[in-house]
Amino acid sequence: MNRQSRFPLVAVLVLGLFGVIWWTSRPAGPAPRVAIEAPRPARGGTLTGSLRSEPRSFNRLVSRDFATDLIATLTQARLVRVNRATFDLEPWLAESWTSSPDGLVHTLTLRQGLQWSDGVPFTSADVVFTFRTIADPKVKSVLASNLEIDGQPLTVAAPDARTVVITFPRPFGPGIRLLDNVVILPRPRPEAAAAAGPFAQAWGPSPPPADLAGMGPFQLATYEPGQRLTFTRNPRYWRKDEQGQPLPYLDRLVLEIVPDQSGELVGIQSGRLDLSQQQIRAEDYAPARDMEKTGALRLREVGVSLDPDVFFFNLRPAAWAKDPRASWLVSDTFRKALNHAIDREGYANTVFLGAAVPVHGPVSPGNKTWFWPDLPRYAFDRAKATTLLTGLGLANRDADPVLEDAAGREARFTMLTYKGNTSLERGAQVLKESWDAVGVAVDVVPLEQGALIERMLSGQFETIFFNYVASDPDPAMQRDFWMSSGSAHVWNIGQKTPATPWEGEMDALVTQQASAVDPAERVRLFRDVQRVFSDHLPAMYFAAPRLFVALGPRVRNEQPAVSRPQRLWSADTLAVVSDVSATP
């Protein structure tokens, strides 16, 4: 079709192998071949999975919700990819790269002969357009803050159609892993269309699926809101298996929209679903084991989650400017009191039926490189919690059990959480009961995921309890969370200047950590970041679940990972068989 009739998008690249004393290079080579299970899966068939929520957009540059990110993973591609099972960096659209000794200049060579799904050649111009679009303040890209170093964007040039040169303003510790954050989207014709301002509205989710060109393994064929998304094989996809057979194996991939988590395991048992969006719930583990014995499904344990559920207050100053509770409700001391009131062992046992590890910060034991076992902790101590609350002037001044301030205002707030996610709903109830026990009342309000995200982005909330998914275990790849200017700094998003001295301190430490080359120094600096975080508690964490994924008996060649999407990150190698008796 004519490329002028749609509104394509972006690309990204970056590279850094620091600490070397000569130019390093990654040798060019053919598209990577994929090792497959024996017996070798047949090409063809349809796999059906679940999706909990509607996509907010088809444009990953302007939306970070899980559904949008998953669609991008299925239909688009990155210059380099972090393997979600091993966390190794792999060449993808870029087949090779070189990096200068100072770690500032990175030259990527793109694979030859690649085409977008609509047949238009892929060139370095798409990559340059992507970087320019992300950096454009009119676009308000959610990726912008993660593609800046010390507030400065990367410089991108394209000497020829297959070469991209990226210059960093200063060294960056993770190097080219930064590119895994960004899918490359096609450059519009003419480019002036992007400058006109409608980029954030492009790609929907209203445009017809046929308008969405990509270089991922699948194309979005149909989107039926509230029902399903159907993907078909991209005939121009570039990867092959080790026998030279073109990928993906599947003809079609269908994602049924199943907002209620309880329906997923039933769907797998009945054969209506082949896999669920994410891990099974703790309460489903025992029945799933029974189903596995009958051959109705298979279970795989993948490890401890990297992303524990998170609770946080709205710390935007404007949200509390006229609220007389602000002096105590959004204070560090109040949050410390709430932390002391939580029995994390009891939380893990109640919410996850013991299949979880208590945690005291955003980095779980599943993140072996960056987890700090000696992180300062707030031990379960209701007496300590009560002492802190009393110090804020909160006391029981009437017959009910809720504390009040000197003016008689109750120690009470509203908590938003995801509707239909039973671990979050159960966790919210545990938190409510724990804080009730020290005289703090909580009104829990479950919302659909899209509605909750809208409330968060607009700042219309008091507190939120939800799950934030990190893109990479390296904290330098999560600067949009840690930095005060970040688009995922959930308690006070996108600050022009740090709202608090401690956030300014954390910004400086994160910047140093991201720029450091020595691994030991990077670990030391990140421990300092975590210490500041723990001192002020802008967000609270309670337990990280052990992850088990359920697969229908037809599924083959899966590579489940602890990070999301746990199965579909490698959708091009997934296969289904008609004979379920074949050895998986």
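Values in this document were obtained by computation on a predicted structure and should not be read as measured data.

Student: Honestly, the packing of helix α8 (residues 344-351) against helix α10 (residues 422-436) in this entry has me stumped. Any pointers?
Tutor: Any two packed helices are characterised by how steeply their axes cross, that is the angle between the axes, and by the distance between the axes. Between α8 and α10, the shortest axis-to-axis distance is 10 Å and the interhelical angle comes to 140 degrees. At the point where α8 passes α10, the crossing takes the right-handed sense. For the pair α8 and α10, contact is made by Tyr347, Thr350 and Val351 and by Ser423, Arg426, Gly427, Val430 and Leu431, respectively. Counted by class, the contact of α8 with α10 contains four nonpolar, three polar and one charged residues.

Student: Before we go on, may I ask you to explain helix α2 (residues 124-135) in this structure?
Tutor: Given 3.6 residues per turn, any residue in an α-helix points the same way as the ones three and four places further on. The first and last C-alpha atoms of α2 sit 17 Å apart over twelve residues, in line with the 16 Å expected at 1.5 Å per residue. With nine of twelve residues buried, α2 is to be regarded as a mostly interior element. Buried within α2 are the following residues: Ser124, Asp126, Val127, Val128, Phe129, Thr130, Phe131, Thr133 and Ile134.

Student: Honestly, the side chain of Ser534 in this entry has me stumped. Any pointers?
Tutor: Relative to the helices and strands, Ser534 resides in helix α14 (residues 519-536). For Ser534, a relative accessible area of 3% translates into the label buried. With residues near it in sequence (within four places) discarded, Ser534 still touches Leu375, Pro376 and Tyr378.

Student: Teacher, can you tell me more about the packing of aromatic side chains here?
Tutor: For any pair of aromatic rings, the description consists of the separation of the ring centres together with the inter-plane angle of the planes. Inspection of the entire model under this criterion finds 27 aromatic pairs. The structure contains a cluster of three or more aromatic residues connected by ring pairs, namely Trp370, Phe481, Trp482, Trp491, Phe526, Phe533 and Tyr541.

Student: I would appreciate a short explanation of the pattern of salt bridges in the present structure.
Tutor: One side chain can pair with another of opposite charge once the charged atoms of both are near each other. Applying the stated criterion across every chain, the model contains 32 salt bridges. The shortest N-O distance in the salt bridge between Glu283 and Arg426 comes to 2.7 Å. Remark: Arg426 occurs in helix α10 and Glu283 occurs in the loop between α4 (262-270) and α5 (285-294); sequence separation between them is 143 residues. Where Arg412 meets Asp443, a salt bridge forms, and the shortest distance between an N and an O atom there is 3.0 Å.

Student: Which parts of the structure should I look at to understand the sheet that holds strand β15 (residues 228-233)?
Tutor: Paired through backbone hydrogen bonds, the strands of a sheet run either parallel or antiparallel to each other. If you walk across this open sheet you meet the four strands as β3-β17-β15-β14, and the pairing is mixed. Two strands bound the open sheet, and with one partner strand each, they are β3 (46-51) and β14 (218-224). The sheet shows a mean angle of 20 degrees between the axes of neighbouring strands, taken without regard to direction. Looking at chain direction, β3 and strand β17 (residues 252-257) are connected through six bridges and run parallel. Of the residues in β17, the one forming a bridge with Gly49 is Leu255.

Student: Please clarify how the pairing of strand β22 (residues 441-447) should be interpreted in this entry.
Tutor: Every regular strand shows the same layout, with side chains that alternate between the two sheet faces. Pairing between strand β21 (residues 412-418) and β22: seven bridges, direction parallel. Residue Tyr418 lies in a different strand from β22, and its bridge partner there is Leu447. What joins β21 to β22 is α10, and the crossover it makes is right-handed.

Student: It is not clear to me how the packing of helix α7 (residues 332-340) against helix α9 (residues 382-391) should be interpreted in this structure. Could you clarify?
Tutor: At a minimum axis separation of 8 Å, α7 and α9 run at an interaxial angle of 160 degrees. Overall, the two elements α7 and α9 adopt an arrangement that is roughly antiparallel. Crossing of α7 over α9 shows left-handed handedness. On α9, the residues that touch Thr333, Phe334, Lys336, Ala337 and His340 of α7 are Arg382, Lys384, Ala385, Leu388 and Leu389. Taken together, the residues of the contact of α7 with α9 sort by class into five nonpolar, two polar and three charged.

Student: Whenever I open this one, the environment of Asp260 confuses me. Can you help?
Tutor: With respect to the helices and strands, the residue Asp260 is situated in the loop between β17 and α4. Expressed as a C-alpha distance, the spacing of Asp260 and Ser53, which sit 207 residues apart in the sequence, is 9.5 Å.

Student: When you look at the nonpolar core in this model, what are you seeing that I'm missing?
Tutor: Note on soluble globular proteins: their nonpolar side chains tend to be buried together. Membership of the largest hydrophobic core comes to 73 residues, with the highest contact counts inside it found for Phe312, Phe334, Phe413, Trp435, Phe466 and Trp491. When sequence neighbours within four positions are dropped, the list of residues in contact with Trp435 reads Phe311, Leu338, Ala341, Ile342, Phe413, Met415, Val440 and Val442. By size, the runner-up hydrophobic cluster in this structure holds 50 residues, among which are Leu61, Val156, Ile176 and Val182.

Student: Can you walk me through unusual backbone geometry in this structure?
Tutor: Trans is the prevailing form of peptide bonds, just as negative phi is the prevailing case for residues other than glycine. In this structure, the amide linkage connecting Leu247 to the following residue, Pro248, adopts the cis form with an omega of 0 degrees. Structurally, Pro248 can be placed in the loop between β16 (240-241) and β17. A cis amide bond links Arg564 to the next residue, Pro565, at an omega of -5 degrees. As for its position among the elements, Pro565 is in the loop between β26 (555-556) and β27 (575-576). A positive phi angle is found at Phe87, which is not glycine, with a value near 65 degrees. Taking the relative accessible area as the measure of exposure, Phe87 reaches 23% and is therefore partly exposed. Residues other than glycine seldom take positive phi values, yet Lys140 does so here, at roughly 55 degrees. Mapped onto the secondary structure, Lys140 falls in the loop between α2 and β9 (148-149). What makes Lys140 exposed here is its relative accessible area of 68%.

Quick notes on the rules
- Residues numbered from 1 in each chain as written.
- Predicted model: local features only at pLDDT ≥ 70, side-chain atom pairs only at ≥ 80, totals over all residues.
- Heavy atoms only, no water.
- Axes fitted to C-alpha atoms, helices over the stretch in contact; angles between N-to-C directions.
- Helix = DSSP H or I, 4+ residues; strand = E, 2+ residues; numbered from the N terminus.
- Left-handed = near helix turned anticlockwise from the far one by under 90°.
- Contact = heavy atoms within 4.5 Å.
- Nonpolar A, V, L, I, M, F, W, Y, C, P; charged D, E, K, R; others polar.
- Expected span 1.5 Å × (residues − 1).
- Buried < 20%, exposed > 50% of the residue type's maximum accessible area, 1.4 Å probe, protein only.
- Phe/Tyr/Trp six-rings, centres within 6.5 Å; stacked < 30°, edge-to-face > 60°.
- Salt bridge = Lys/Arg side-chain N within 4 Å of Asp/Glu carboxyl O.
- Pairing = 2+ DSSP bridges.
- Right-handed = clockwise from strand over helix to strand, strands pointing away.
- Parallel < 35°, antiparallel > 145°, perpendicular 65-115°, else oblique.
- Core = buried A, V, L, I, M, F, W, Y, C linked by side-chain atoms within 4.5 Å.

Without other data, these values stay purely geometric and don't point to any function.
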